[in-house]
Amino acid sequence: MLATTRNTRIAGYAAVGAAVFALALSGCGGGGGGGSKSSGTTKSSAPTTSSTTLTAAKVDKVGTVVTDSKGFVLYRFDQDSAKPTKVTCYGSCATLWPAATATDAKSITVKGIDKKLVSTVKRSDGTTQITLSGWPLYRYSKDDQPKEAYGQGVAGTWFAATPTGAKAMSTSGGSSGSGSGY
């Protein structure tokens, strides 16, 4: 009887461990990271533009952050990396968090941001994603209007990017970051 209880307990621990491992591999993060890499055939819903302007803009509850040519807040994802630059948001993640794209780094102009911090990275889907201090930048599809920052703190992994590429910290109240992002 003792061996059976022990074996059942061990099997239960193994199942929990496997589930946690699977979630980690999927890049779940809960926040729309959806994060698992696809075959690279899913296109980002953000169109590549021939000219993009990144602007440092004051946004309620998050402070001074980076916005795109249309005034939409740009975000960075903690599951990506800056050194070296690595993109992990593809597939369903890229549908919710479309990549900020440009034709190349030369086509990007800046206002209130050091141009030396701005570059690009080639995504597996063939598009060219804008980076800031090495961090790939994204829009949040649930931001309907310029200067909205509903993506701030989602799942504790998505943050508006400051003009230096750092994470913006909410200035008052802000998002709890507990939402799923979906």
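Look up a bit, the structure's there.
Residues numbered from 1 in each chain as written. Predicted model: local features only at pLDDT ≥ 70, side-chain atom pairs only at ≥ 80, totals over all residues. Heavy atoms only, no water.

### Points about the pattern of salt bridges
Inference 1: Counted by the stated rule, this structure contains 3 salt bridges.
Inference 2: Across the pair Asp 68 and Arg 139 runs a salt bridge, and its minimum N-O distance is 3.9 Å. Placement of the pair is Asp 68 in the loop between strand S2 (63–67) and strand S3 (75–77) and Arg 139 in the loop between strand S9 (135–136) and strand S10 (158–160), with a sequence separation of 71 residues.
Inference 3: Note on Asp 68: relative accessible area 13%, which makes it buried.
Inference 4: When the shortest N-O distance is used, the salt bridge between Asp 125 and Arg 123 registers 3.6 Å. A single burial state applies to Asp 125 and to Arg 123, both of which are buried. (Salt bridge = Lys/Arg side-chain N within 4 Å of Asp/Glu carboxyl O. Helix = DSSP H or I, 4+ residues; strand = E, 2+ residues; numbered from the N terminus. Buried < 20%, exposed > 50% of the residue type's maximum accessible area, 1.4 Å probe, protein only.)

### Notes on the side chain of Asp 143
Inference 1: Relative to the elements of secondary structure, Asp 143 occurs in the loop between S9 and S10.
Inference 2: Buried and unpaired, Asp 143 has Arg 139 as its nearest opposite-charge partner, separated by 6.2 Å.
Inference 3: If sequence neighbours within four positions are ignored, Asp 143 has contacts with Phe 72, Val 73, Tyr 75, Glu 148, Ala 149, Tyr 150 and Gly 151. (Lys, Arg positive; Asp, Glu negative; His and termini not counted. Contact = heavy atoms within 4.5 Å.)

### Looking at unusual backbone geometry
Inference 1: Cis geometry is adopted by the peptide bond preceding Pro 84, which originates at Lys 83 and carries an omega value of 5°.
Inference 2: Non-glycine residue Ser 133 carries a positive phi angle of around 55°.
Inference 3: A relative accessible area of 23% means that Ser 133 is categorised as partly exposed.
Inference 4: Phi is positive for Lys 147, which is not a glycine, with a value near 65°.
Inference 5: Locating Lys 147 in the fold gives a position in the loop between S9 and S10.

### A closer look at the sheet that holds strand S1 (residues 52–59)
Inference 1: Taken in spatial order, the 3 strands of this open sheet run S2-S1-S6, and their pairing is mixed. Strands at the two margins of the open sheet, each flanked by one partner only, are S2 and strand S6 (108–111). Averaged over all pairs of adjacent strands, the angle between their axes in this sheet comes to 20°, without regard to strand direction.
Inference 2: One ladder, built from 4 bridges, connects S1 with S6; its direction is parallel. Note on S6: the bridge partner recorded for Thr 55 is Lys 111. (Pairing = 2+ DSSP bridges. Axes fitted to C-alpha atoms, helices over the stretch in contact; angles between N-to-C directions.)

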